[in-house]
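# Results of the structural survey
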Amino acid sequence: MYDHGLGVLEQYGLTARSSSRGRGALICETDQGLKVIREYRGSVKKLELQRQIQQQVEEEGTLRADVLIPNLEGELASQHTDGLIYTVRNWFYGKECDTRSREEICRGAAALARLHKIIHLPAEEDYQKEPLPQECARHNREIRKVQRFLQKKQKKSEFERQLLEAAGLFLGQGLEVTRRLEDSGYGRLRERALAEGCVCHGECNQHNLLTVEGKPAFINFEKWSFDLPVADLYQFMRKILEKHSWDIELGRRMVDAYSRIRPLSREECENLLLRLGYPWKFWKLANYYANNPKVWVSAKTVEKLAQMAEQREKWLFFLENLRI
């Protein structure tokens with residue numbers, strides 16, 4: 001019977017007393033405490049650097065991290081009898097950041113600032129994030145491709161008509177942000193961040209920020225990269241602000257909470273606003289449409305498009321009036 005990687009614990013000298021499914025992982029109560037098993041498809045070198053990042057967090061002491069554990073052979077990735085590669089990490093039960101609590105949200109922003117002050121490594125080219133103007137330009141091309149496809153399509157569903165209408169609006173915003181990025185101080189910021197070895201978590205949202213025994217804990221570092229710290233702050237803010245209908249006061253409080261720990265320069269504030277101004281969510285939906293069967297569109301996808309259209313004016317008002 002397939003054991004979802006549970007048997008790999010033998011390679012770590014661990015015995016599971018119980019197990020349960022988590023977010024894409026298997027959480028195990030072992031004779032040496034809580035551990036989590038997750039399938040892994042990346043490079044061993046990136047795992048080694050990830051462990052260094054996690055150890056920096058744990059050793060500093062104000063935050064927690066789910067540190068990778070080497071197996072009995074000293075390796076961070078283990079092949080199981082099912083042919084798949086797995087990692088094992090220390091784990092802990094904790095409470096996710098409550099997106100309904102403004103106080104907890106601001107504590108999360110402050111914890112993120114502390115994380116950025118702690119984690120630094122000599123920047124390696126293989127793990128540097130794609131330059132932001134290039135990434136945005138690529139996404140603009142992908143949105144335009146969907147737009148042209150829909151323009152040529154003779155019979156459109158109601159969803160496709162709405163998607164085509166939205167494409168023109170969101171593409172215009174994407175092109176404007178990309179132009180402003182190219183004229184901004186982004187290049188200098190990126191050079192400075194790489195020279196300082198700045199590391200980003202890469203998937204900073206409420207699900208990956210816990211409170212464990214009174215301490216903030218960051219988990220799931222698989223998408224870490226060398227990048228500007230504001231990339232993480234942008235991601236955390238966008239997820240929260242979408243749930244709060246782009247509330248300006250909340251956005252300002254999040255930036256203030258972060259800045260009290262790690263002050264943001266004028267150029268970083270500008271870059272943060274440009275990141276918040278790119279239509280990432282629309283690009284993601286358009287890209288999903290382009291790469292999946294067109295015969296049937298899920299109700300969830302229809303709902304997401306309607307929500308974006310509904311929030312668009314609030315989003316633009318937020319961008320025009322946020323002062324940081």
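For the structure itself, look to the data block above.
The following refers to the structure shown. Just so it is clear, the structure is predicted and the values come from calculations on it, not from any experiment.

Helix and strand content of the protein: 10 helices and 11 strands. Compactness check: the protein gives a C-alpha radius of gyration of 21 Å against a globular reference of 20 Å for 324 residues, within 12% of the reference. The principal-axis extents of the C-alpha atoms in the protein amount to approximately 60 × 50 × 40 Å. Put simply, the protein has 324 residues, and 51% of those count as buried. Partitioning the contacts of the protein with sequence separation of at least 6, the portion at a separation of at least 24 is 73%. If you sum the accessible surface of the protein, you get close to 16,300 Å²; carbon and sulfur atoms cover 48% of it.

The next thing to look at is empty space enclosed by the protein. According to the stated counting rule, one finds one cavity of 30 Å³ or more in the structure shown. In this structure, the largest cavity encloses a volume near 170 Å³. Around the largest cavity, the lining comprises 15 residues; the ones closest to its centre are E242, W246, K281, M308 and W315. Elements that contribute at least two residues to the lining of the largest cavity include exactly α6 (230–243), α9 (280–290) and α10 (299–321). Ranked by the residues each element gives to the lining of the largest cavity, the list is headed by α10, at five residues. Among the residues forming the lining of the largest cavity, the class breakdown is nine nonpolar, two polar and four charged.

Before going further, it helps to examine the sheet that holds strand β4 (residues 64–65). With mixed pairing, the four strands of this open sheet are ordered in space as β4-β10-β9-β7. Every interior strand has two partners, whereas the edge strands, β4 and β7 (95–96), have only one. Looking at chain direction, β7 and strand β9 (residues 209–212) are connected through two bridges and run antiparallel. Bridging from a neighbouring strand, K95 pairs with T211 of β9. The strands that helix α2 (residues 102–118) touches are β7, β9 and β10 (215–218); relative to β10, the one it contacts most, it runs at about 65°.

Turning to the sheet that holds strand β3 (residues 33–39), a few remarks are in order. With antiparallel pairing, the five strands of this open sheet are ordered in space as β1-β2-β3-β6-β5. Of all strands in the sheet, those bounded by a partner on one side alone are β1 (16–21) and β5 (78–79).

Two numbers describe how helix α4 (residues 158–183) lies on helix α8 (residues 266–277): the axes approach to 9 Å, and their chain directions differ by 160°. Our classification of the angle between α4 and α8 gives roughly antiparallel. Crossing of α4 against α8: the hand is left-handed. Residues Q173, V177, R180 and L181 of α4 touch α8, and the partners they reach there are N271, L274 and G277. The residue inventory of the contact of α4 with α8, partitioned by class, reads three nonpolar, three polar and one charged.

With that out of the way, let us pick up the pairing of β1. Looking at chain direction, β1 and strand β2 (residues 26–30) are connected through five bridges and run antiparallel. Across the sheet, A16 pairs through a bridge with T30, a residue of β2.

Rules of the game
- Residues numbered from 1 in each chain as written.
- Predicted model: local features only at pLDDT ≥ 70, side-chain atom pairs only at ≥ 80, totals over all residues.
- Heavy atoms only, no water.
- Helix = DSSP H or I, 4+ residues; strand = E, 2+ residues; numbered from the N terminus.
- Rg over C-alpha atoms; globule rule 2.2 N^0.38 Å.
- Buried < 20%, exposed > 50% of the residue type's maximum accessible area, 1.4 Å probe, protein only.
- Contact = heavy atoms within 4.5 Å.
- Areas by Shrake-Rupley, 256 points an atom, 1.4 Å probe, with all protein chains shown as cover.
- 1 Å grid on protein atoms, 1.4 Å probe; cavity = no way out; pocket = protein on both sides within 12 Å on 5 of 7 lines; lining within 4 Å.
- Points joined across faces, edges and corners; volume = space filled by probe spheres on them.
- Nonpolar A, V, L, I, M, F, W, Y, C, P; charged D, E, K, R; others polar.
- Pairing = 2+ DSSP bridges.
- Axes fitted to C-alpha atoms, helices over the stretch in contact; angles between N-to-C directions.
- Parallel < 35°, antiparallel > 145°, perpendicular 65-115°, else oblique.
- Left-handed = near helix turned anticlockwise from the far one by under 90°.

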